[in-house]
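Residue strings, one per chain:
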Amino acid sequence: MHRLAFTILLLLFSSFTYANNPHYEQLAASTQTIILHETSDQAASYIEYAAIAENVVWLFNMSRRLEKQIPDLIEREDFLRTVYYEATRAGLDPQLVLSVIQVESGFKKYAISHAGARGYMQIMPFWIGVIGRQDHNLFHLRMNLRYGCTILRHYLDKENGDYFRALGRYNGSLGQASYPQLVFNKWQTTWHYTSS
């Protein structure tokens with residue numbers, strides 16, 4: 001009960017603080033999963049992955065596709081397990097998340113955009129005040145993916161499942177076709193996967 005009260009106060013404070021921020025939009029009720037508990041730079045464990053994965057074929061298949069971008073096998077599998085876990089946790093297709101990461105950062109953990117967006121999923125720092133805590137590091141693997149998946153889920157809910165508009169909002173280019181189309185192309189070609 002104490003945590004619920006704190007979450008409500010945090011949401012009210014965030015709404016007041018960020019009401020004039022043109023990049024801020026109130027999170028949909030279904031995505032108000034405030035990131036209060038610890039999420040470190042550690043990857044999702046095999047146990048966490050196995051609890052939600054159908055089988056290990058996805059991991060093997062995606063690992064081969066990602067080899068050029070992340071040559072180290074251990075780092076690559078840590079990354080993929082975490083993508084799968086965080087995407088599934090947010091109700092997203094892991095291949096969609098891989099497509100967003102490829103377009104946003106080219107799988108560069110420490111990427112910074114000209115606008116200041118950070119990490120794999122290019123999270124703007126203002127989101128820390130909206131759904132997180134000031135000590136959150138947007139370059140941490142799991143933290144970055146948790147934020148990115150939560151934000152993308154929020155925009156999908158806001159747009160009633162319209163991927164084109166949700167991706168436009170995610171990128172800050174709502175109404176323009178170039179970004180959503182880049183992500184769709186990666187999703188349907190590079191990262192397309194059908195479980196057997």
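For the structure itself, consult the block above.
Residues numbered from 1 in each chain as written. Predicted model: local features only at pLDDT ≥ 70, side-chain atom pairs only at ≥ 80, totals over all residues. Heavy atoms only, no water.

Undergrad: For the pattern of salt bridges, give the residues involved together with the corresponding values.
TA: Enumeration over the complete set of coordinates arrives at 7 salt bridges. Among the salt bridges present, the one from aspartate 135 reaches arginine 133, with a minimum N-O distance of 3.0 Å. Accessibility expressed as a relative area gives 53% for aspartate 135, which makes it exposed. Here arginine 153 and aspartate 157 are joined by a salt bridge, their closest N and O atoms 3.1 Å apart. (Salt bridge = Lys/Arg side-chain N within 4 Å of Asp/Glu carboxyl O. Buried < 20%, exposed > 50% of the residue type's maximum accessible area, 1.4 Å probe, protein only.)

Undergrad: Account for the environment of arginine 146, with residues named and values stated.
TA: Looking at the element boundaries, arginine 146 is found in helix H7 (residues 141-158). Here the alpha-carbon distance between arginine 146 and glutamate 86, two residues 60 residues apart in the chain, equals 5.9 Å. (Helix = DSSP H or I, 4+ residues; strand = E, 2+ residues; numbered from the N terminus.)

Undergrad: Tell me about the nonpolar core, residues and numbers included.
TA: Soluble globular proteins tend to pack their nonpolar side chains together in the buried interior. Counting 47 residues, the largest nonpolar core has Phe79 and Met121 as the members making the most contacts within it. At the level of elements, helix H3 (57-65), helix H4 (73-89), helix H5 (94-105), helix H6 (126-131), H7, helix H8 (163-171) and helix H9 (178-188) are the ones that each hand at least two residues to this core. Ranked by residue count, the leading element in this core is H7, at 9 residues. Leaving out residues up to four positions away in the same chain, methionine 121 has contacts with Val97, Val100, Ile101, Glu104, Asn144, Leu145, Gly148, Cys149 and Tyr170. (Core = buried A, V, L, I, M, F, W, Y, C linked by side-chain atoms within 4.5 Å. Contact = heavy atoms within 4.5 Å.)

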